[in-house]
Amino acid sequence: MRNLAIQLMYVGTAYHGWQVQKNAVTVAETLEKALSTVVGHPVKCTGAGRTDAGVHAEAYLANFRTSSRIPCDRLPLAVNTRLPDDIVVVGAWEVPDSFNAIGSCLKKEYTYRIYNSRIRNAFYVDRAWFYPKHLDETVMQRAASHFVGTHDFAAVQSVGTPVQSTVRTVHYFDIERRGELIQCRVCANGFLYNMVRAMVGTCVYAAEGKFAADDVPAILDGRNRTAAGPTVPPGGLYMTHLWYDTPPLGEIAPVR
């Protein structure tokens, strides 16, 4: 059996997240059906993360095992003919048997996009959070900087999958405005359930003056979810980069 890693991108609007579920259409289920048709046997994919309903991925990695000898350079074209237009496989590699798309991942980057304008933009529907009240990105960045480092992130974790520890290391949290679009890029060694969306919501609350940007350390220390900002909508969230040290994989970046 070969262990194959595939890079894909998807628009998550029509799907109930990545993970296979009994009564909802998901990205993994749709991908596994297409792969099974190509390789001629049932396939089970392991994904780099459990993106929620409505969340997108510009760069995503999954791995699966197959007895098929189809060359890696032919796999993307073969699978894409069997996938809907909103899921695209862009590359495939044979990886060591021990490789696991989530367990072997060193760090991940998510990007959250806010369309900050008085008038909404039809082309950003379900692609960015429309927020009509002006946000000061400098205040948001000041709040974001307090998340960087190794902390207990229980204050920005929604109730969900139980975890052994709520401690994570955030490598950077950069907020940048480009015209009316605010991009919030956060990279960490792992993320808790809804962590990125709650972190962005906390930065928005700081920009609104509901608490000071420099209150974030105390919010984290308090470990109280209700003290932080809201969980912002899923449509603005994208998985954008992944890092591995397993040859031939390295940085998994969006295809432009």
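Residues numbered from 1 in each chain as written. Predicted model: local features only at pLDDT ≥ 70, side-chain atom pairs only at ≥ 80, totals over all residues. Heavy atoms only, no water.

As recorded in an unreviewed UniProt entry, the protein chain goes by the name tRNA pseudouridine synthase A, listed as coming from Candidatus Flavonifractor merdigallinarum. Per UniProt, the protein chain has the following entry under Sequence similarities (unreviewed entry): "Belongs to the tRNA pseudouridine synthase TruA family." Recorded under Catalytic activity (unreviewed entry), the UniProt text for the protein chain is reproduced unchanged: "uridine(38/39/40) in tRNA = pseudouridine(38/39/40) in tRNA". (UniProt positions renumbered as here; feature names shortened; annotations may be inferred.)

Q: Can you walk me through the environment of Glu 58 in this structure?
A: If you trace the backbone, Glu 58 turns up in strand E3 (residues 56–66). Classification of Glu 58 by relative accessible area gives buried; the value is 16%. Not counting the four nearest positions on each side in its chain, Glu 58 is found in contact with Leu 8, Met 9, Arg 113, Tyr 238, Met 239, Thr 240, Pro 254, Val 255 and Arg 256. Here Arg 113 takes part through its side chain, which lies 2.9 Å from a polar atom of the side chain of Glu 58. (Helix = DSSP H or I, 4+ residues; strand = E, 2+ residues; numbered from the N terminus. Buried < 20%, exposed > 50% of the residue type's maximum accessible area, 1.4 Å probe, protein only. Contact = heavy atoms within 4.5 Å. Polar contact = N/O pair within 3.5 Å; in protein donor to acceptor, adjacent residues only side chain to side chain.)

Q: How do you make sense of the nonpolar core when you look at a structure like this?
A: Taken as a class, soluble globular proteins show a tendency for nonpolar side chains to be buried jointly. Core analysis: the biggest nonpolar cluster contains 80 residues, and Leu 8, Ile 114 and Phe 173 have the highest contact counts within it. By residue number, the principal contributor to this core is helix H4 (residues 195–208), which donates eight residues. The residues touching Phe 173, leaving out its near neighbours within four places in the chain, are Gln 141, Ala 144, Phe 147, Val 148, Cys 184, Arg 185, Val 186, Met 199, Val 200 and Cys 203. (Core = buried A, V, L, I, M, F, W, Y, C linked by side-chain atoms within 4.5 Å.)

Q: I tried to follow the layout of surface pockets on my own but got confused; where do I start?
A: Over the atoms rolls a probe the size of a water molecule, and in doing so it shows where empty space is left. One number sums up the size of the largest pocket: a volume of about 790 Å³. If you trace the largest pocket, you find 30 residues lining it, with Arg 50, Asp 52, Phe 191, Leu 192 and Tyr 193 closest to the centre. Counting only elements with at least two residues in the lining of the largest pocket, the list comes to strand E5 (107–115) and H4. The calculated volume of the second largest pocket comes to roughly 220 Å³. Lining the second largest pocket are 15 residues; nearest its centre among them are Tyr 10, Val 11, Ala 57, Glu 58 and Tyr 238. Among the secondary structure elements, those contributing two or more residues to the lining of the second largest pocket are strand E1 (2–10), E3 and strand E4 (87–95). Examining the composition of the lining of the second largest pocket, we find that three residues originate from one element, E3, more than from any other. Taken together, the residues that form the lining of the second largest pocket break down as eight nonpolar, one polar and six charged. (1 Å grid on protein atoms, 1.4 Å probe; cavity = no way out; pocket = protein on both sides within 12 Å on 5 of 7 lines; lining within 4 Å. Points joined across faces, edges and corners; volume = space filled by probe spheres on them. Nonpolar A, V, L, I, M, F, W, Y, C, P; charged D, E, K, R; others polar.)

Q: How should the packing of aromatic side chains be read in this particular structure?
A: The geometry of an aromatic ring pair comes down to the distance between the two centres and the angle between the two planes. By the definition in use, this model includes nine aromatic pairs. Relative to Tyr 244, the ring of Phe 99 has its centre 5.3 Å away and its plane inclined at 55°; by these criteria the two rings are tilted. Separated by 145 residues along the polypeptide, Phe 99 in the loop between E4 and E5 and Tyr 244 in the loop between strand E10 (237–243) and strand E11 (251–252) bring together distant segments of the chain. A ring pair is formed by Trp 129 and Tyr 131, whose centres lie 4.9 Å apart and whose planes are at 70°; its orientation type is edge-to-face. (Phe/Tyr/Trp six-rings, centres within 6.5 Å; stacked < 30°, edge-to-face > 60°.)

Q: Looking at this structure, how should I read the UniProt feature "active site" (unreviewed entry) in the protein chain?
A: According to UniProt, the "active site" (unreviewed entry) feature falls on Asp 52. In this view, Asp 52 contacts Gly 17, Tyr 193, Asn 194 and Arg 197; residues no more than four positions away in its chain are not counted.

Q: It is not clear to me how the environment of Pro 230 should be interpreted in this structure. Could you clarify?
A: With respect to the helices and strands, the residue Pro 230 is situated in the loop between helix H5 (216–222) and E10. In this structure Pro 230 comes out as partly exposed when scored by relative accessible area, which is 32%. Separated by 30 residues in the primary sequence, Pro 230 and Val 200 have C-alpha atoms spaced 8.3 Å apart. Leave out the neighbours within four places in its chain, and Pro 230 touches Arg 197, Ala 198, Gly 201, Thr 202, Tyr 205 and Arg 225.

Q: I'm lost on H4 in this one. Help?
A: The α-helix winds at 3.6 residues per turn, so residues separated by three or four positions along the chain end up facing the same way. Taking 1.5 Å as the rise per residue, H4 with 14 residues should run 20 Å; its terminal C-alpha atoms sit 20 Å apart, in good agreement. With respect to burial, H4 is a largely interior element, 11 of its 14 residues being buried. Residues of H4 that are buried include every one of Met 195, Val 196, Arg 197, Ala 198, Met 199, Val 200, Gly 201, Thr 202, Cys 203, Val 204 and Ala 206, and no others. Taken from the residues just after H4, Gly 209 is the one with a positive phi, measuring 85°. (Expected span 1.5 Å × (residues − 1).)

Q: I'm lost on the pattern of salt bridges in this one. Help?
A: Note that side chains of opposite charge can pair when their charged atoms are close. Across all of its chains, the model carries 12 salt bridges by this definition. One salt bridge connects Arg 2 with Glu 94, and the closest N-O pair in it is separated by 3.6 Å. A residue pair is termed long-range when its members are at least 10 positions apart, and Arg 2 in strand E1 and Glu 94 in strand E4 qualify at 92 residues. Using a relative accessible area of 6% as the deciding quantity, one classes Arg 2 as buried. Between Glu 208 and Lys 210 there is a salt bridge; the shortest N-O distance is 3.3 Å. (Salt bridge = Lys/Arg side-chain N within 4 Å of Asp/Glu carboxyl O.)

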